[in-house]
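If you want the building blocks of each chain, they are given just below.
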Amino acid sequence: MKKIRAFINNSNISKFRFYFQIAAFVLFVYGGYFYVTISEKLPTFACPFNKGSGGTCYLMPLQHQLHMTWSRFIGPGGIHLLKGFLVFACFGLVFSKAWCGYLCPLGTIQDWITKLRKVLHIRFSKYGETTFKGLKKIKYILLFLLIIIPLGVSNSLLWLPKFSHDIFPPFCKICPGRIVLPLFTGDTSQIYIDFSTKTAMTMTALGMIVTGIFFTGSFFKKRFFCLFCPMSALLYIFSKVAILRLNKNVAKCTRCGNCYRVCDVGIKEIADDVINKNIVKDDCMLCLKCVEACPEEGCLEVSFFNIPVFMSTETGFFKRYCLRNEIK
Amino acid sequence: MRLKDRILIAIFLLFFAEGASASENIWLSNTPPKKISKKIRHGMHGVSFIKGNDGREKKILWIRSGSFPVESQYANCTNTKNPVIFVCSPDGKLIKGNVSHGLWGHVLTFEGNMEGFYNVYLFERFVEEETLNIVVAKAEVLSHKCSNGHAGMRKKMLHRTFNEEIPFEIVRERIPGEDFHTFLSSGDDVTFKVLLKGAPLEYSKVMLSTQKRWVNNLKTDINGGAAFQLVGDYYPRFKEINKRNIHNFLVTAEYTVKKSGSYQGIPYERIHYAGTLGGSYIPSKTMYTSYLYGLILLIFVMPAVATLIYFYREHRKRPYKEYAFREKD
Amino acid sequence: MNEKAKIRLIIEVKKSLKEIMDDFSDVPEEMGYFYERFRAFFEETPNNGKKVIATMCIHVPVELIYAVGAIPLRVCSGARSMAEIGEEFFPAKACPLIKSTFGALYLNIFPMAAAPAMIINPTTCDHKKKIGEMAEDIDSCFYTLELPPTKETEEARFYWHMVVKKLAKELERVTGQRLTRKKLKAAIGIVSLAQAQLRRLYNIRKGNPVIWGNNAILVANAYFFDDIANWTDRLSRLNDELEDRARRNQYVVGQEAPRILLAGSPSIFPNMTLPVMIEQMGGIVVAEEFCSSSRSLYDMVAVDEWSLYDMIPAIADRYLKPGICPCFTPNIDRKRRLLNIAGDFCIDGVIYNSFAGCQLYQMESRHVEKILEQNGIPMLYLETDYTSDNTGQLTTRLQAFMELLQDQKS
Ligand code: SF4
Ligand code: SF4
C-alpha cells in the first residue's frame, strides 16, 4: 500500500493526463459511432452537433429545458428541469472540475494547441491580475445569458417582446465546440453564416468569430477559452462539496508560487491563499499540475471521499522537475 | 440541392402533374383549420394537442379529404359510418382512438405521452361500383420531449407494420441518421414503400403532392419502394423567411386487382386499395446560409487576433509604461 | 595593511576551525572534505578560465550565472578581522556582516583567491543599498539588483521579472556568452541537484541528531565558494553516511539534549561562536533559519515550458516569492515558516540571533517571539557582534536558557 502510494505520488500525472485526455476525446467525439451514449447531462463539451458524440453536453438540454412558458415550470417542465439538473449534479459532485481538466474535448484541443506552441517556442501570454479578474466574470455573464435567453424566447420578460427563435439555443450558437468538434468527424457543415434573418446572422457570425478567437487565443494563452466557459461556472457550484477535492495543507506552504506558475489558467490563490483548505477555485480545472509542481511534502493533496489519492512530495517533485535534466 | 436540380425537377413535375389522379382521398393531417389554429397547442414535429373534457391533453389529427395538402377539405364524414381506428403506441400496445365530430370537422384523438412513434390508422372497407375499396389513412405521430431523455432512441426510430390488421400500408423509410430531432427538409431523398399484406408491392402508383401543388407520380419498384426528393416549395421574400416554416406533403398509393367476391353481401369485381400518409417538412437547413462567408470570417479572425497580440507584445518591449490618471474631478 | 589583515584572517579561520574540530567528537568521516575546504579557504583553485561572479545575497539567481558559463561566488563574510577593516567605512552601529564583507572586498580578499568580474548586490537592507555607492573604494564593479521591497503584489513580481531579465542581459555582456535554452536548463539542473542533497540533509536532521549543528552549518557554508558539482557529490556521500548512522542509532547527543532552532542573522564561517557555544552547553542545533544555509538552497524552481521565456521568470519567482528575508514587508511567511520548521524538527526552543546593527532582524524579533509564544515555543533573543567583547554575558544568558529547556524536557 505504501509502495503504491509512493508510486502514485512520484508519478508524472501530466503524462497520465495526456493519455487520459486522448481516451476521453475518442470517447466523447467518436463514441457515438460505437453506440456509446454516456449521458445527456454531461458536464463537459460533448457536443451533440457532432454526430459521433458519445454523450451530450448539459448546456444543450439545459437551454432546451428552459425554453418553456412560465406555466410549464410548475408542471412537468419544472420536474424535468430538476431531474436533469440532478443528473448533472451527480456528475459534478463526483469528479468536480476534473471534467474540465481530464475529460472535456474542447479543453483537450486547447492543450494540444498549447503543445504545438511549445514546440514552436513561442512565448505564452498571461493576463495581468486585474485583467484576469475582469475577464473571469465573463463566464458568469454567459451563464446568466444562457439561462435568461431561452426563457425570453418562450416568455415575455419584463414586458419586452419575446426574443426571436433564431437566437435559440443562444450559447450553442456562439460556442466554438459546435463548430470545432464536428470537424473531427469530418463534418464541416457547422461553418456557416445564416443570412436568413438579422438575429440568425448575428448569432452565427458571432459563432464564427468566437471560433476564430478560440483558435488564436488558445494558441497564445493556455486554456484560453476555459476562463469564459459557463460550464466551468456551473460546475463551480459543486466544487466545494464534491467528492474529488484539491486540498492545501496551508501550514506547509512556503508560498513559493510554483503552483501558480505552472497553472494553465493562472490561478494566483492556489499559491497565495494560506487560509482555506479546500482550494478549488472557479477557474480551476483540476489538472493537478500544481500538485506536481509543489515541492513541499504533503502540502497540496487530492482527495477522493476524503482519502488522499495524490499529493505533493519532495521526491516526486525532484523526479518530475529536476533529475531528468541532469547534465553530462 | 442545387438550383439546377430544382429547376429540372420542377420541369419534370410540370409534365407529369397532368396525369395526377384527382380522386378524393381520405388522409390524416396534424394541421388544424386556420381559424382555430390559435386554440391548439402545437408540440414538436407539428403534433397538435387539445384538452379533452376531462382536462387531459390529447393528440389530435384531422380527417381530411383531397389530394393536395392545402386544398384538402376538413372532412365532415368518412366513407363509412364506422371506420376502424387503429392506434399503436410506441411500446407496441393498442390504445383507443376516437373519431368524433366537432366544430372543426371530423377529428381523431388519442391519448399517450410515450417516447416514440404512434402509428395511427383509419381503415375502411366498402363496395362501390362493383369495386371493393380498401382505404387506409395512416399517420405517424412522433411524441418526444428532450427532457425525457434519449434512451433507446435508435431502436424507437425503426418503423413498424401491422400486416394482420392493416392490409395496405405506406411506409416512410427513415433517412440516414434520422432521429427524434430530425425534421425532413427540402432536398432530402425520401423513400416510401408500399406493402400489400406485408409484402412489397411492385407497380403500385404512388403520388407525392406538396403544399404548393407540386406533384410527382412514380410506380413502385421491385422492392415496393418509390423514392422522391422533397422539392423546395418555400420561396418567400427575404424579409419574411421563416426557417421553421412547416409545410406538408401528402403521399397516396393506389393499387387495383381484379378479384371478385362479396363483402357484406355485396358482390364486387375488383379490389381497389388506396393508402395515404401525411407528413411535413421544413425548408432546407442550408437555405440562405453561406459556408464561404463563415469560412472567410473564421480565417480572417484568426490572423487578426494573432496580429493584435504580436503588436501588443512589440509594444510591451518598450521600456517605460505610463500611468494615466483621470483629470476630471 | 593587506598582508597583515590577511594573516589575521588566516589565524581567525584556523582558530575557528580548530575549535570545531577539537571540541566535537564523533564527527562523520565525510566531514573531512568540508574541513579541508575551509582550511584551504584562500588557496587558489583552478576554474578552467571561467569568469567568477560575486554575489552578496541569496536573492541572486545563480542559475543565470551558471548558464552563461560563469561561477557564482558568495562573498558574504563572517570574519572579525575583515569587519575591523570595514569599520572605517561605516557608522559605528552598522551590521558586522556588511562591515566584514566590505572589508574583504576592499582588500580584495576572496575565497579561493578568485577575482570576480562583477559583484551582484541586491538592494535588501539599507546597508546593502548604500554599499553599492561605495564602488569607487574597491576595484571590482557593483551591479545593483533591484529587489522590490515587497513580494506580495503582482506589480512587485513583474518588476522583479524585469530586473532579472535585465541581469541576464548584463551577465551575457560581462561574460560574452549567450544565454541559451539548453545551458539554462542544465544550470537549473545542477543547482536543483545540489538542492536535492541539501533537502536530504534537512530530512535527516529532522530525526534524532546524527550530525552536529555547527557541522551542518559549515557544510551549507561551503556552498558559498565550492564547486557545485563537487559539493553536491560530497554532500550526497555525507548524507549516505548520516543515513547509515541513523540506521545504527549512532547519535551525536542523547535524546535529552534540547533541540534548538537557530533563527535570524546568519552564522557565517569563521563566525561560528553561537552554534558552537550552544552545542558546547549540551544543546543541539537541528535547524537553522539562515540565509546562509537553509534558505539559500531550499526553494525550488518549477518550470512549465522549458524555453527561455518561461525559465527566466521561473527562476526569478524562485528568488522572490518564497523569500522570507526580513527586508520584505509584510513578512508573515517568515513566521509561518518558523512555526512549520519548529513542528517538523520537534524544536524545543528557538534562539533568535540578530547582529547588532541589523534593524530588520531586530524589529522582526518581537513579532516572532509573540507568535512562538502563542504556540508554546520558548525563544531567546540575542544580539551579537563579530567581536568577542560580550562573550561573558552571552554565556550566562545562553546557559540560563539551556537549563530552562532541559528542565522543560525532563
Ligand atoms: S507550490 Fe506548494 S509550497 Fe509553493 S506556493 Fe504552491 S502550495 Fe505553497
Ligand atoms: S489550480 Fe492547480 S489544478 Fe487548478 S487549474 Fe491550476 S494547476 Fe490545475
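Look above for the structure.
Conventions and cut-offs
Residues numbered from 1 in each chain as written. Chains lettered and ligands numbered in written order. Predicted model: local features only at pLDDT ≥ 70, side-chain atom pairs only at ≥ 80, totals over all residues. Heavy atoms only, no water. Buried < 20%, exposed > 50% of the residue type's maximum accessible area, 1.4 Å probe, protein only. Helix = DSSP H or I, 4+ residues; strand = E, 2+ residues; numbered from the N terminus. Pairing = 2+ DSSP bridges. Axes fitted to C-alpha atoms, helices over the stretch in contact; angles between N-to-C directions. Contact = heavy atoms within 4.5 Å. Buried area = accessible area lost by both parts, 1.4 Å probe. Salt bridge = Lys/Arg side-chain N within 4 Å of Asp/Glu carboxyl O. Polar contact = N/O pair within 3.5 Å; in protein donor to acceptor, adjacent residues only side chain to side chain. Nonpolar A, V, L, I, M, F, W, Y, C, P; charged D, E, K, R; others polar. 1 Å grid on protein atoms, 1.4 Å probe; cavity = no way out; pocket = protein on both sides within 12 Å on 5 of 7 lines; lining within 4 Å. Points joined across faces, edges and corners; volume = space filled by probe spheres on them. Expected span 1.5 Å × (residues − 1). Patch = residues over 30% accessible without salt bridge, like charges linked within 9 Å, V, L, I, M, F, W, Y side chains within 5 Å. Areas by Shrake-Rupley, 256 points an atom, 1.4 Å probe, with all protein chains shown as cover. Lys, Arg positive; Asp, Glu negative; His and termini not counted. Charge placed at Lys NZ, Arg CZ, Asp CG, Glu CD.

(A) Seen up close, the pairing of strand E10 (residues 116-128) of chain B. Residues and elements named next belong to chain B. Counting buried residues along E10, 11 of its 13 residues qualify, which places the element largely inside the surrounding structure. Looking at chain direction, strand E6 (residues 84-88) and E10 are connected through 5 bridges and run antiparallel. Bridging across to E10, Phe 86 finds its partner in Tyr 121. Hairpin connection, E10 to strand E11 (residues 131-143): the antiparallel pair is bridged by 2 residues, and Glu 129 has positive phi, about 45°.

(B) Seen up close, the sheet that holds strand E1 (residues 52-55) of chain C. Residue and element names in this part refer to chain C. One open sheet accounts for 4 strands, arranged E2-E1-E3-E4; its pairing is parallel. The open sheet has two edge strands with one neighbour each: strand E2 (71-74) and strand E4 (142-145). Shown here is a sheet whose adjacent strand axes are inclined to one another by a mean of 30°, direction ignored. In terms of strand pairing, E1 meets strand E3 (residues 118-122) through 3 bridges, oriented parallel. Within E3, the position partnered with Thr 55 by the bridge is Ile 120.

(C) Region of interest: the interface of chain C and chain A. At the junction of the two partners, chain C supplies 35 residues and chain A supplies 39 residues. For the pair chain C and chain A, the two sides together bury roughly 3,300 Å², of which 50% comes from carbon and sulfur. Summed over the three residues of chain C that lose the most area to chain A, namely Asp304(C), Tyr309(C) and Arg336(C), the buried surface amounts to 19% of that side. For the pair chain C and chain A, the interface holds 12 salt bridges. Viewed at the interface, chain A and chain C are joined by 23 residue pairs in polar contact (both at pLDDT 80 or more). Of all the elements in the fold, those that place two or more residues in the side of chain C that touches chain A are helix H7 (154-175), helix H8 (181-206), helix H13 (308-320) and helix H14 (332-344) of chain C. With 11 residues, H8(C) is the largest single contributor of residues to the side of chain C that touches chain A. Partitioned by chemical class, the residues of the side of chain C that touches chain A number 14 nonpolar, 6 polar and 15 charged.

(D) Main features of the pattern of salt bridges. For the structure on display, the rule yields 56 salt bridges over all chains. Arg223(A) is the partner of Asp111(A) in a salt bridge, and the nearest nitrogen-oxygen pair spans 2.9 Å. On the criterion of sequence distance, the pair formed by Asp111(A) in helix H7 (residues 105-120) and Arg223(A) in the loop between helix H12 (198-220) and helix H13 (230-239) is long-range, its members being 112 residues apart. Judged by its relative accessible area of 1%, Arg223(A) is buried. Note that Lys409(C) is salt-bridged to Asp348(C), the shortest N-O span being 3.1 Å. Taken as a pair, Lys409(C) in helix H16 (residues 391-409) and Asp348(C) in the loop between H14 and strand E7 (349-355) lie far apart in primary sequence, 61 residues in all. Given the relative accessible area of 35%, Lys409(C) is considered partly exposed. Overall, Asp348(C) belongs to the buried group, its relative accessible area being 18%.

(E) Local environment of the layout of surface pockets. For the second largest pocket, the calculated volume is near 2,400 Å³. Surrounding the second largest pocket, 46 residues form its lining, Arg123(A), Arg316(B), Phe158(C), Met162(C) and Lys165(C) being those nearest its centre. Elements represented by at least two residues in the lining of the second largest pocket include exactly helix H8 (129-135) and H12 of chain A, helix H3 (291-316) of chain B together with H7 and H13 of chain C. For the lining of the second largest pocket, the element with the highest residue contribution is H7(C), accounting for 11 residues. Of the residues assigned to the lining of the second largest pocket, the class counts are 21 nonpolar, 7 polar and 18 charged.

(F) Molecular detail of H16(C). Between the first and last C-alpha of H16(C) there are 26 Å, a value that for 19 residues agrees with the 27 Å anticipated at 1.5 Å per step. The elements touched by buried residues of H16(C) are strand E5 (259-264), helix H11 (273-280), E7 and strand E8 (379-384) of chain C.

(G) Quick look at a negative patch on the surface. Negative charge collects at one region of the surface, where Glu128(B), Glu129(B), Glu130(B) and Glu269(B) lie side by side. Position of Glu128(B) relative to the elements: it lies in strand E10.

(H) Focus on the environment of Leu198(C). Residues and elements named next belong to chain C. Looking at the secondary structure, you find Leu 198 in helix H8. Along the chain, Leu 198 and Ala 117 lie 81 residues apart, while their C-alpha atoms are 28 Å from each other. Other than its neighbours up to four places away in sequence, Leu 198 contacts Trp 231, Leu 235, Ser 293 and Leu 297.

(I) Structural detail: the interface of chain A and chain B. Taken together, the contact between chain A and chain B spans 30 residues of the former and 27 residues of the latter. Both faces considered, chain A and chain B share a buried interface measuring about 2,600 Å² in area, 61% of it formed by carbon and sulfur atoms. Per-residue buried area on chain A facing chain B is highest for Ile191(A), Phe195(A) and Ser196(A); these three make up 20% of the total on that side. Taken together, the connections running from chain A to chain B amount to 0 salt bridges. Inspection of the region where chain A meets chain B yields 7 residue pairs in polar contact (both at pLDDT 80 or more).

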